[in-house]
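# What the coordinates show
Take a look at the letters that make up each chain.
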Amino acid sequence: MNASLTANESWLSRSLKAVWHPCTQMRQHSEAGENALPLIPIARGEGVWLYDFEGRRYLDGISSWWTNLFGHANPRISRAVKEQLDQLEHAMLAGFTHRPVVELSERLSALTGKELGHAFYASDGASATEIALKMSAHYWRNQGKPEKNLFLCLSGSYHGETLGALSVTDVALFRDAYAPLLRAAKTVPSPDARQAKTGESAADVARRAARGLEEALRQRQGQVAALIVEPLVQCASGMAAYDPEYLRLARTLCDRYDALLICDEIAVGCGRTGTFFAHEAAGIRPDLLCLSKGISGGYLPLSIVLCRESVYQAFYDLESARGFLHSHSYTGNPLACAAALATLDIFAADDVLAANLRRAEQMRAALEPLARHSAVRFLRQQGMIAAFDVAPEMASADFSRRFYRAALARGALLRPLGNTVYFMPPYIIRQAEIAQLAETARAALDEALA
Ligand SMILES: *Cc1c(COP(=O)(O)O)cnc(C)c1O
């Protein structure tokens, strides 16, 4: 090892030699200047802050890819995981069960008013999508309708990057290289409120998109297994927010045309949009609900699919092949479930949803001046998600990277999706930190546009 390297530099060079980082063109990490994408070594986290090995800190404005809810190294979640660690680190969930997985399943079902239940476990979000897709097609097969195996997804949808999930993901950057490997799905219009024409409300756009959905359901009658949606905000394709009216109409149409409705709340669940589950804003329930990311407080990989009793019953039989024979080795991991139980405890003890109303209002007030910036379009907010677009004619092709670098240099982690700058901070962010994020965004925007 080169003794002249700082601690940061040493971890960077070792990482570049040993680790293939996700969602990254690795060569950019070795470049200097305009093509550079910094790689930041992190030594520890505390609250909204991530610290490098030399004490420099970064405000985690995007909750480490939307996973963190109550800050890094949260004492209450850490304690719960440590206590669980001394009891049971893992036991297989086929043929065995344990306290954390039972309690978590009961509590999640209770949060849906017991309309959904029989929690099925996996680790990453994409696995929850795979489970929901397989479960819906198998549900129809068990009903004697194997031809109902087509999936509908929204334009601009993102449901993960394994092959099945990618089949219902409409983001060219993630999809194109693997297109020949994917199964065909039918894309229906997104209700993205930015598409409103003059005089049109977000609800009008939702009704227009729902007509497109009905058209697709009618044309493919008897073929559709399920419609999969990200309720209220399509996050990965650029924080496209839409009116809950779409979910009400989608629920009605799925019932009318005999298709299941899958709500992928991997990003928008757990209070992110205001209500605990995003679909609650529409007063509906899906047939299948996918959770991940925030459910473990951002601590450990955990994903869950909850289903309606009627779905569960379609598999309940003595014949093995009618059962849902899907599994992952770490299904229902007790440590991850303990982190999730502690996360739910915090929601209850601190009345987090009510506190988030005030926090979201502070975010709105802090970001509002940005609406007058000449490059800013469509400043929007849904609960603890805020975003704006940068006018395409004012941004260079590498705007996202330029902005990201400029924000990091100012001590904040903000990582735009294309021309969309967004804020998705942990729920413990303080007013002064919100102000700092807003100020950093303004300064980074000016630098990235210069
Ligand atoms: C992140 C995300 C996924 C995929 O979750 P991973 O844990 O990254 O596999 C799926 N759907 C939505 C809506 C997401 O935001």
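Residues numbered from 1 in each chain as written. Predicted model: local features only at pLDDT ≥ 70, side-chain atom pairs only at ≥ 80, totals over all residues. Heavy atoms only, no water.

### Quick word on the overall build of the protein
Of regular secondary structure, the protein possesses 15 helices and 16 strands. Against the globule reference of 22 Å for 450 residues, the protein gives a C-alpha radius of gyration of 22 Å, in line with a compact fold. In terms of overall dimensions, the protein has a C-alpha envelope of 65 × 60 × 45 Å along the principal axes. Counting all 450 residues of the protein, 54% fall into the buried class. Counting only contacts in the protein whose residues sit at least 6 apart along the sequence, the fraction spanning at least 24 positions is 72%. Only carbon and sulfur atoms are counted for the fraction: they give 53% of the accessible area of the protein, which is about 19,900 Å². Of the charged side chains in the protein, 47 are positive and 48 negative; the average position of the first set lies 2 Å away from that of the second. (Helix = DSSP H or I, 4+ residues; strand = E, 2+ residues; numbered from the N terminus. Rg over C-alpha atoms; globule rule 2.2 N^0.38 Å. Buried < 20%, exposed > 50% of the residue type's maximum accessible area, 1.4 Å probe, protein only. Contact = heavy atoms within 4.5 Å. Areas by Shrake-Rupley, 256 points an atom, 1.4 Å probe, with all protein chains shown as cover. Lys, Arg positive; Asp, Glu negative; His and termini not counted. Charge placed at Lys NZ, Arg CZ, Asp CG, Glu CD.)

### Re the sheet that holds strand β16 (residues 420-423)
Read across the open sheet, the three strands follow the order β13-β14-β16; overall the sheet is antiparallel. The open sheet has two edge strands with one neighbour each: β13 (376-382) and β16. Each strand axis lies, on average, 15 degrees off the axis of its neighbour in the sheet, ignoring direction. Lying over the sheet, helix α13 (residues 352-367) contacts β13, β14 (385-390) and β16, oriented at roughly 170 degrees with respect to β13. Contacts from helix α15 (residues 431-449) reach β13, β14 and β16, with the element oriented near 15 degrees to β14. (Pairing = 2+ DSSP bridges. Axes fitted to C-alpha atoms, helices over the stretch in contact; angles between N-to-C directions.)

### Considerations on the environment of arginine 220
Topologically, arginine 220 is positioned in the loop between α9 (202-219) and β7 (224-229). Once you skip the residues sitting within four places of it in the chain, arginine 220 turns out to touch Leu150 and Lys186. Separated by 3.2 Å, the side chains of arginine 220 and glutamine 219 make a polar contact. (Polar contact = N/O pair within 3.5 Å; in protein donor to acceptor, adjacent residues only side chain to side chain.)

### Some thoughts on the pattern of salt bridges
It is possible for side chains of opposite charge to pair when their charged atoms get near one another. By the definition in use, this model includes 29 salt bridges. Of the charged contacts in the structure, one is a salt bridge between arginine 194 and aspartate 192, with a shortest N-O distance of 2.8 Å. Classification of arginine 194 as partly exposed rests on a relative accessible area of 22%. With a shortest N-O distance of 3.3 Å, aspartate 317 and arginine 322 are connected by a salt bridge. (Salt bridge = Lys/Arg side-chain N within 4 Å of Asp/Glu carboxyl O.)

### Some thoughts on the packing of helix α5 (residues 99-111) against helix α12 (residues 334-349)
Between α5 and α12, the shortest axis-to-axis distance is 8 Å and the interhelical angle comes to 40 degrees. Of the possible angle classes, the one that applies to α5 and α12 is oblique. Handedness of the crossing formed by α5 with α12: left-handed. Packed against α5, whose contacting residues are Arg99, Pro100, Val101, Glu103, Leu104, Arg107, Leu108 and Leu111, the element α12 presents Pro334, Cys337, Ala338, Ala340, Leu341, Leu344 and Asp345 at the interface. The class makeup of the residues in the contact of α5 with α12 is 11 nonpolar, no polar and four charged. (Parallel < 35°, antiparallel > 145°, perpendicular 65-115°, else oblique. Left-handed = near helix turned anticlockwise from the far one by under 90°. Nonpolar A, V, L, I, M, F, W, Y, C, P; charged D, E, K, R; others polar.)

### Some details on the environment of valine 268
Along the chain, the position of valine 268 falls in the loop between β10 (260-264) and β11 (288-291). Between the C-alpha atoms of valine 268 and threonine 198, which are 70 residues apart in sequence, the distance is 29 Å. If we skip the residues at most four places from it in the chain, valine 268 touches Pro231, Val233, Cys235, Thr273, Ala278 and Ile385.

### What about the sheet that holds β7?
Strands sit in the order β4-β12-β11-β10-β7-β5-β6 across an open sheet of seven strands; the sheet is mixed. Strands at the two margins of the open sheet, each flanked by one partner only, are β4 (116-122) and β6 (186-188). Averaged over all adjacent pairs, the angle separating strand axes in this sheet is 25 degrees, with direction ignored. Note that strand β5 (residues 150-154) and β7 share four bridges and pair parallel.

### Section: the site of the ligand
Around the ligand, the surrounding shell consists of Trp66, Asp124, Gly125, Ala126, Tyr158, His159, Gly160, Glu230, Asp264, Ile266, Ala267 and Lys293. Within the backbone of glycine 125, one N or O atom sits 2.7 Å away from an oxygen atom of the ligand. A distance of 2.6 Å separates an oxygen atom of the ligand from a polar atom in the side chain of lysine 293. Protein burial of the ligand: of its 380 Å² of free accessible surface, 83% is covered by the chains. Of the residues in the shell around the ligand, the class split is five nonpolar, three polar and four charged. (Near = heavy atom within 4 Å.)

### Quick look at the domain arrangement of the protein
According to the domain assignment, the protein contains domain 1 (1-39), domain 2 (40-73 + 356-449) and domain 3 (77-349). The centre of domain 1, based on its C-alpha atoms, is set 36 Å off from the matching centre of domain 3. (Domains from an automatic or database assignment.)

### With respect to the nonpolar core
Leu104, Tyr246, Ile304, Phe403 and Phe423 are the most contacted members of the largest nonpolar core, which has 114 residues in total. Of the residues forming this core, the biggest block, 10 residues, is contributed by α12. Both domains that meet at this core, namely domain 2 (40-73 + 356-449) and domain 3 (77-349), each give it at least three residues. Counting 26 residues, the second largest nonpolar core, distinct from the first, contains Tyr139, Val168, Ile266 and Leu288. (Core = buried A, V, L, I, M, F, W, Y, C linked by side-chain atoms within 4.5 Å.)

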